[in-house]
Amino acid sequence: MTQERYNPRDAEPRWQRVWAERGIFETKNDDPRPKYYVLEMFPYPSGRIHIGHGRNYVMGDVVARFKRMKGFNVLHPMGWDAFGLPAENAAIERNSHPKVWTYENIETMKAQLKLLGLSLDWSREIATCDPAYYAEQQKIFVDFFDKGLVYRKESEVNWDPVDNTVLANEQVIDGRGWRSGALVERRKLSQWFFRITAFAEELLSALDTLDRWPDKVRLMQRNWIGRSEGLSLRFQLDASTTPLGTSEIEIYTTRPDTLYGASFLAIAANHPLAEKLAEENAELAEFIAECRRGGTSAEAIETQEKLGFDTGVKAEHPLVPGWFLPVYVANFILMDYGTGAIFGCPAHDQRDLDFARKYGLPVKPVVLPEGEDPASFGVGDIAYDGDGTLFNSAFMDGLSIPDAKDAVAKRLENQSLGNAPQGKRQVNFRLRDWGISRQRYWGCPIPVIHCPSCGPVPVPKEDLPVRLPEDVTFDRPGNPLDRHPTWKHVACPKCGTAAVRETDTMDTFVDSSWYFARFASSAHMSPLAKEAVDHWLPVDQYIGGIEHAILHLLYSRFFTRALTACGRISVAEPFAGLFTQGMIVHETYKDAAGKWLFPEEVEKRSDGTAVRKGTEEPVTVGPPEKMSKSKKNVVPPEVVADSYGVDCARWFMLSDTPPERDSEWTEAGIEGAWRFAQRIWRLVNEAVDLAGPTPVAPTTFGPEATAIRRAAHRLVAHVAEDFDRLRFNVAVARVHAYVNGYADAVNAARARAGALPADEAAALLEGARMLVGVIAPMIPHLAEECWTVLGGEGLVAEAPWPVADAALLVEDEMTLPVQINGKKRDELTISATASDADIEKAVLALDGVARALEGRSPRKIVIVPKRIVNVVV
RNA sequence: GCGGGCGUGGCGAAACUGGUAGACGCAAGGGACUUAAAAUCCCUCGACCUUGGUCAUGCGGGUUCGAUCCCCGCCGCCCGCACCA
């Protein structure tokens with residue numbers, strides 16, 4: 001018999017060739033079987049792939065292969081999120097072109113991905129930087145424009161005053177530009193926005209329909225959208241303290257009930273009133289300039305020291321005539337949220353309290369926690385934001401918080417300021433419209449022409465795409481499109497006068513907000529063919545990193561709605577099922593000089609120390625971290641493919657760690673996978689050897705054969721369940737457990753004198769076939785090899801999922817743990833159909849129970865069906 | 001700062017989300033086979049007490065016949081925060 005080792009270096013490329021030659025992963029849109037769309041978030045072509053990228057794709061591949069076996073017409077495509085900042089950085093650093101760099105990376109990474117043996121339909125491959133792709137995106141932009149979903153407004157960017165360029169948030173390090181080191185400031189720019197807030201309510205409420213999304217992601221989106229019900233309220237300003245023309249400030253609050261606890265008003269540094277006041281007030285102007293220092297990110301703004309500036313303006317309390325509150329400009333108030341102005345109630349808001357303490361403002365509690373004495377209750381360093389009853393609040397005294405909110409809203413709705421109600425109930429969202437303008441070259445051009453007489457005019461669809469010019473240089477900072485000698489100069493499509501193109505390009509999140517719909521059309525179809533999109537969407541299983549939980553997924557949900565609103569598609573939600581996988585981490589290594597080393601440069605000693613391979617030079621081993629090029633803790637797929645084979649890598653990636661958690665890549669782990677692969681290969685060969693040529697199917701099975709069959713059928717049923725729930729680590733554990741039992745059966749069969757009875761031979765072969773079917777989605781190459789040995793028909797990649805016989809899954813006996821007062825004292829094995837009375841009787845007869853009872857009589861016996869018995873004394 | 005998550009043996013974890021805590025794997029130790037090694041196979045493997053117990057799921061409380069799971073309060077680590085993708 002062939003007891004050679006399984007050789008992945010021979011088998012893996014061979015099977016990959018067979019799959020490719022037969023085109024079995026190329027999906028037809030007109031296939032009558034039920035559809036299943038599985039998609040992993042497409043990669044940014046950053047250079048080279050490492051095994052850490054692979055986990056995502058391998059998990060998707062298991063799903064794709066499993067669903068194929070289950071009889072679905074599976075769509076499993078791949079593409080490239082190819083626009084973005086790193087290509088421009090590479091262009092600057094190595095004086096190459098972003099396009100050249102990007103396509104070189106795509107070529108490399110595609111070859112690497114192919115090594116993994118993924119069942120991808122490469123015929124639908126896309127790259128977002130392909131004009132064929134972004135042409136459609138520009139059409140979508142024009143559709144959105146026509147539908148009123150695009151508009152222009154001013155918003156702030158990170159400005160590097162030395163390089164005179166806009167910086168991304170990640171390019172701002174500790175408030176300074178990453179190249180120039182200059183202090184970054186916020187600067188206003190006119191930019192394009194998608195009106196995502198038009199769908200805020202729906203994006204929120206539809207989260208309830210996404211029952212195959214992780215709760216945590218839905219919660220994050222809910223909080224991000226941040227619907228709140230509150231009151232918008234206008235404060236009259238003391239005319240003697242304000243410049244002409246400003247007589248009021250409008251604020252938004254979700255806590256109007258605390259209005260009697262107000263001690264100040266605060267407005268954003270870029271609030272129109274602040275800017276107007278600054279014209280007359282040099283000190284304030286200086287303060288505002290100070291506020292503008294630093295980046296635009298919420299993180300930067302909210303972690304900086306809270307500062308305020310008393311403008312001298314006084315605002316009259318709407319409920320207490322003659323009570324004036326000071327108006328501050330504060331660096332933590334965001335112009336983008338609400339009205340860019342708040343009233344501060346220090347007793348019941350921590351940020352307001354910190355501010356009040358800093359500037360010596362009064363702190364007056366108006367909500368009394370239950371059980372506190374109104375005479376003595378005070379607030380120290382911690383604001384009270386809990387439940388309670390209103391006090392110190394005139395007509396609201398004694399009311400609950402919700403009742404007080406209602407009462408004060410009613411009062412202010414009926415109170416006039418100017419000719420309008422002073423207060424208005426208002427639903428507010430934290431979600432802001434999506435700014436898509438980027439002052440960069442390597443992105444999709446925004447198809448707009450700015451005409452001096454017509455204003456911004458969308459480029460007519462027949463003139464699309466607006467192509468990126470390729471003759472650009474990156475020898476100085478700024479956007480090459482803007483300084484290109486000819487590209488932007490065009491005639492206005494409306495009136496023909498000399499006009500200029502928009503030189504901003506789109507946020508790369510736009511590219512990834514519809515790519516999943518692009519895959520629905522095969523290569524020769526139009527890029528967003530409605531029929532195809534409506535057929536394939538939603539994606540049945542989407543897999544990607546948790547870092548995309550909010551932005552990418554929310555933008556994609558918006559796009560689906562906006563495209564539907566434009567009549568381009570009819571889809572409610574883009575992703576019916578979502579799974580967020582963890583990263584692969586690896587130890588890091590540094591040599592004596594502190595330089596990072598690749599894992600293959602390091603030799604680990606049995607005493608736990610490590611040295612540089614082939615030397616005595618000590619190496620410092622660091623804790624496992626996310627695989628990254630910069631720290632060199634990466635394992636390239638080629639290295640694995642050339643040694644253990646990619647099946648072992650796939651098996652290892654699926655083993656042990658739950659897929660949503662980070663998983664550590666270790667040499668020992670991959671060795672374990674190798675041993676297991678060899679073990680399967682040996683067992684399958686041995687089973688074929690023992691059972692001989694395909695035996696006649698027996699009609700009855702003896703106890704040995706039945707035991708083998710029970711285990712196999714149970715394996716099939718359990719693993720199918722595990723795959724459906726994406727619990728790959730549990731599936732792997734089940735396969736291990738099964739193989740342990742199967743090996744025992746093979747050993748027993750071998751030890752048996754004489755020929756193997758036909759029923760056992762048949763059971764062994766069935767057990768092997770089922771095993772191979774079950775592992776096929778996970779380690780497809782080895783499975784094909786085993787399938788051949790077992791005489792399976794065709795390819796296992798195209799074989800149906802094995803069918804588990806329900807009759808073999810039921811147990812006729814059960815073993816119940818027996819507890820006394822919640823501690824396990826004994827076990828009871830009894831017929832699975834035993835009644836509670838039978839169980840009770842049998843339990844009391846147990847030795848362990850009698851011993852534990854020590855003559856006492858049980859007070860109560862809790863019987864949980866098929867689970868446990870607890871005797872309470 | 002705000003929002004979200006995670007925490008179980010030496011290590012990765014499992015436990016059908018209220019019912020035997022530690023399945024399965026890795027590492028380690030012992031043994032068999034071998035001239036030897038590799039490979040393979042068998043056994044041991046949370047801690048503490050000499051059977052049987054006691055203690056153990058980050059820490060401290062609570063609810064329950066029973067808590068890794070639910071509630072309250074801490075500690076530590078990770079992710080996101082709108083121009084990284």
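Residues numbered from 1 in each chain as written. Chains lettered and ligands numbered in written order. Predicted model: local features only at pLDDT ≥ 70, side-chain atom pairs only at ≥ 80, totals over all residues. Heavy atoms only, no water.

Going by the annotation in an unreviewed UniProt entry, the name recorded for chain A is Leucine--tRNA ligase, with Kaistia hirudinis given as the source organism. UniProt annotates chain A under Sequence similarities (unreviewed entry) with the comment "Belongs to the class-I aminoacyl-tRNA synthetase family." UniProt lists a comment for chain A under the heading Subcellular location (unreviewed entry), and it reads "Cytoplasm". (UniProt positions renumbered as here; feature names shortened; annotations may be inferred.)

Asks: I would appreciate a short explanation of the overall build of chain A in the present structure.
Replies: In terms of helices and strands, chain A carries 26 helices and 39 strands. With the C-alpha coordinates of chain A rotated into their principal frame, the extents come out at 110 × 85 × 65 Å. Classification of the 873 residues of chain A by burial places 52% in the buried group. For chain A, contacts bridging at least 24 residues in sequence account for 72% of all contacts bridging at least 6. Carbon and sulfur atoms provide 50% of the accessible area of chain A, an area that totals close to 38,800 Å². Of the side-chain charges in chain A, 100 are positive and 121 negative, and the distance between the mean point of each set is 1 Å. (Helix = DSSP H or I, 4+ residues; strand = E, 2+ residues; numbered from the N terminus. Buried < 20%, exposed > 50% of the residue type's maximum accessible area, 1.4 Å probe, protein only. Contact = heavy atoms within 4.5 Å. Areas by Shrake-Rupley, 256 points an atom, 1.4 Å probe, with all protein chains shown as cover. Lys, Arg positive; Asp, Glu negative; His and termini not counted. Charge placed at Lys NZ, Arg CZ, Asp CG, Glu CD.)

Asks: Quick question: what am I supposed to make of the layout of surface pockets here?
Replies: Volume-wise, the second largest pocket comes out at about 470 Å³. As for the second largest pocket, its lining consists of 20 residues, and the residues nearest its centre are His586, Tyr589, Pro599, Thr666 and Glu667. For the lining of the second largest pocket, the secondary-structure elements that each account for two or more residues are β30 (584-590), β32 (602-604), α18 (637-643) and α20 (667-691). Looking at the lining of the second largest pocket residue by residue, the class counts come to 11 nonpolar, 3 polar and 6 charged. (1 Å grid on protein atoms, 1.4 Å probe; cavity = no way out; pocket = protein on both sides within 12 Å on 5 of 7 lines; lining within 4 Å. Points joined across faces, edges and corners; volume = space filled by probe spheres on them. Nonpolar A, V, L, I, M, F, W, Y, C, P; charged D, E, K, R; others polar.)

Asks: I'm lost on a negative patch on the surface in this one. Help?
Replies: On the surface, Asp349, Asp354, Asp381 and Asp385 cluster together into a negatively charged patch. Judged by its relative accessible area of 63%, Asp381 falls in the exposed class. (Patch = residues over 30% accessible without salt bridge, like charges linked within 9 Å, V, L, I, M, F, W, Y side chains within 5 Å. Salt bridge = Lys/Arg side-chain N within 4 Å of Asp/Glu carboxyl O.)

Asks: I'm lost on the sheet that holds strand β2 (residues 73-75) in this one. Help?
Replies: In a beta sheet, neighbouring strands are held together by backbone hydrogen bonds and run either parallel or antiparallel to one another. Across the sheet, which stays open at both edges, the 4 strands sit in the order β2-β1-β28-β29 with parallel pairing between neighbours. Taken across any chain shown, the strands that pair with only one partner, and hence form the sheet edges, are β2 and β29 (578-581). Strand after strand, the sheet turns through a mean of 20° between neighbouring axes, direction not considered. Judged from the 3 bridges that link them, strand β1 (residues 35-40) and β2 form a sheet pairing that is parallel. Following the sheet pairing, Lys35 is matched in β2 by Asn73. Running at roughly 170° to β1, helix α2 (residues 51-69) makes contact with β1, β2, β28 (541-545) and β29 of the sheet. (Pairing = 2+ DSSP bridges. Axes fitted to C-alpha atoms, helices over the stretch in contact; angles between N-to-C directions.)

Asks: Sorry, what's going on with the state of the cysteines here?
Replies: What we call a disulfide is simply a covalent bond connecting the sulfur atoms of a pair of cysteines. In the structure shown here, the tally under the stated rule is 0 disulfides. Cys648 takes part in no disulfide bond, and the closest cysteine sulfur, belonging to Cys786, lies 12 Å away. Judged by relative accessible area, which is 3%, Cys648 ranks as buried. (Disulfide = S-S within 2.5 Å.)

Asks: Mind showing me how you'd approach empty space enclosed by the protein here?
Replies: Rolling a probe over the atoms, with the probe sized like a water molecule, indicates the empty space that remains. Scanning the entire structure with this criterion turns up 1 cavity of 30 Å³ or more. Of the pockets and cavities examined, the largest cavity occupies roughly 60 Å³. Around the largest cavity, the lining residues are Trp19, Phe25, Arg65, Arg68, Met69, Ala776, Pro777, Pro780, Glu784, Val796 and Ala797. The element best represented in the lining of the largest cavity is α2, accounting for 3 residues. Of the residues that constitute the lining of the largest cavity, the class distribution is 8 nonpolar, no polar and 3 charged.

Asks: Quick question: what am I supposed to make of the packing of helix α22 (residues 728-751) against helix α23 (residues 758-775) here?
Replies: A packed helix pair is summarised by two numbers, namely the angle formed by the two axes and the spacing between the axes. Interhelical geometry of α22 versus α23 gives an angle of 155° and a closest axis separation of 11 Å. It follows from the interaxial angle that α22 and α23 lie roughly antiparallel. For the pair α22 and α23, the crossing hand works out as left-handed. Packed against α22, whose contacting residues are Val735, Tyr738, Val739, Tyr742, Ala745, Val746 and Ala749, the element α23 presents Leu764, Gly767, Ala768, Leu771, Val774 and Ile775 at the interface. Along the lines of polarity and charge, the residues of the contact of α22 with α23 split into 12 nonpolar, 1 polar and no charged. (Parallel < 35°, antiparallel > 145°, perpendicular 65-115°, else oblique. Left-handed = near helix turned anticlockwise from the far one by under 90°.)

Asks: What should I look at first to understand the protein's contact with RNA strand B in this one?
Replies: Around RNA strand B lies a shell of 65 residues, among which Asn169, Arg440, Thr657, Arg727 and Asn870 are the nearest. Each atom of RNA strand B within 4 Å of the protein was assigned to sugar, phosphate or base; sugar and phosphate come to 62%. Side-chain polar atom of Asp656 to a base nitrogen of RNA strand B: 2.8 Å apart, as the coordinates give it. Lys823 is positioned with one of its side-chain polar atoms (N or O) 3.0 Å from a phosphate oxygen of RNA strand B. The element that contributes the greatest number of residues to the surface near RNA strand B is helix α7 (residues 215-225), accounting for 5 residues. When the residues that make up the surface near RNA strand B are grouped by side-chain class, the tally is 23 nonpolar, 19 polar and 23 charged. (Near = heavy atom within 4 Å. Polar contact = N/O pair within 3.5 Å; in protein donor to acceptor, adjacent residues only side chain to side chain.)

Asks: What is the right way to read the pattern of salt bridges from this model?
Replies: A side chain with one charge may pair with a side chain of the opposite charge, provided their charged atoms come close. Within the structure shown, the criterion is met by 45 salt bridges. Here Arg568 ties to Asp143 by a salt bridge, and the two come within 2.9 Å at their closest N and O atoms. Placement of Arg568 in the loop between α17 (551-565) and β29 and of Asp143 in helix α5 (residues 131-146) is noted, with a sequence separation of 425 residues between them. With respect to class, Arg568 is no different from Asp143; both count as buried.

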